[in-house]
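# Remarks on the overall topology
Chain residues, written in single-letter form:
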Amino acid sequence: MKGAVYDREFKMSAEKWHRKQGNSVLAVSKSLEIGGSSLHRWINEYDEYREKVIACNYAGNHFFSIFLSFQMPLSAASPR
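Per chain, the residues get numbers from 1 upward, laid out in the order the sequence is written. Side-chain atom pairs in this predicted model are given and counted only at pLDDT of 80 or more, local residue features only at pLDDT of at least 70, and totals for whole chains, interfaces and linings cover all residues. Hydrogens and water molecules were not included; the side-chain quantities draw on all heavy atoms of the structure.

Moving on, we come to the side chain of E15. For the purposes of this entry, the term helix denotes a DSSP run of H or I that reaches at least four residues, the term strand denotes a run of E that reaches at least two, and both are numbered from the N terminus. The topology assignment puts E15 in helix α1 (residues 8-21). What makes two residues a contact is simply this: any of their non-hydrogen atoms within 4.5 Å. Other than its neighbours up to four places away in sequence, E15 contacts L39, I43 and Y46.

Of all hydrophobic cores here, the largest spans seven residues; its members are A14, V25, V28, I34, L39, W42 and I43. Every element with two or more residues in this core is listed here: α2 (25-32) and α3 (36-69). The dominant element in this core, judged by the number of residues it contributes, is α3, at three residues. Only buried residues count toward a nonpolar core, which is a set of Ala, Val, Leu, Ile, Met, Phe, Trp, Tyr and Cys residues joined through side-chain atoms within 4.5 Å. Each residue is assigned to one of three classes by its accessible area relative to the maximum for its type, calculated with a 1.4 Å probe on protein chains only: buried under 20%, partly exposed between the two thresholds, exposed over 50%.

It is worth spelling out the layout of surface pockets at this point. Within this model, the largest pocket holds a volume of roughly 230 Å³. Considering the residues around the largest pocket, the lining is formed by R8, K11, M12, E15, W42, E45, Y46 and Y49. For the lining of the largest pocket, the secondary structure elements donating two or more residues are α1 and α3. Gly counts as polar in this scheme, as do all residues outside two lists: the nonpolar Ala, Val, Leu, Ile, Met, Phe, Trp, Tyr, Cys and Pro, and the charged Asp, Glu, Lys and Arg. Looking at the lining of the largest pocket residue by residue, the class counts come to four nonpolar, no polar and four charged. Residues are said to line a cavity or pocket when one of their atoms sits within 4 Å of a point; the points come from a 1 Å grid over protein atoms alone, cavities being sets where a 1.4 Å probe fits but cannot get out and pockets being open sets with protein on both sides within 12 Å along at least five of seven lines. Grid points are joined across faces, edges and corners, and a volume is the space filled by probe spheres set on the points.

Moving on to the pattern of salt bridges. Basic side-chain nitrogens of Lys or Arg form a salt bridge, by our definition, when they fall within 4 Å of a carboxyl oxygen of Asp or Glu. Scanning all chains against the criterion turns up three salt bridges. Residues R19 and E15 are paired through a salt bridge, measuring 2.4 Å at the closest nitrogen-oxygen approach. Remark: E15 and R19 occur in helix α1; sequence separation between them is four residues, near one turn of the helix. Owing to a relative accessible area of 36%, R19 belongs among the partly exposed residues under this scheme. Look at E15 and you get buried, because its relative accessible area is 5%. The salt bridge partner of R19 is D47, with a shortest N-O separation of 2.7 Å. One end of the pair, R19, is in helix α1; the other, D47, is in helix α3, and 28 residues separate them in sequence. On the basis of relative accessibility, which here comes to 23%, the residue D47 falls in the partly exposed class.

Structural data, given as structure tokens:
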């Protein structure tokens, strides 16, 4: 039998309640009547997601700075 299905907002709220409020996984999972292993999994998934976002932002900013360094100055691009 499959367990309950929770939407993304619920999972993010539970993770935020744990992280921002400093509540233990046990306290949050008991209060929300969910399994502690589920909350641990959601926390780990959020951490992995956050690491990917940070990596993409770094890569994007790095690419953008390289792109800008190869751009022709506007004064040289304007017809006279």
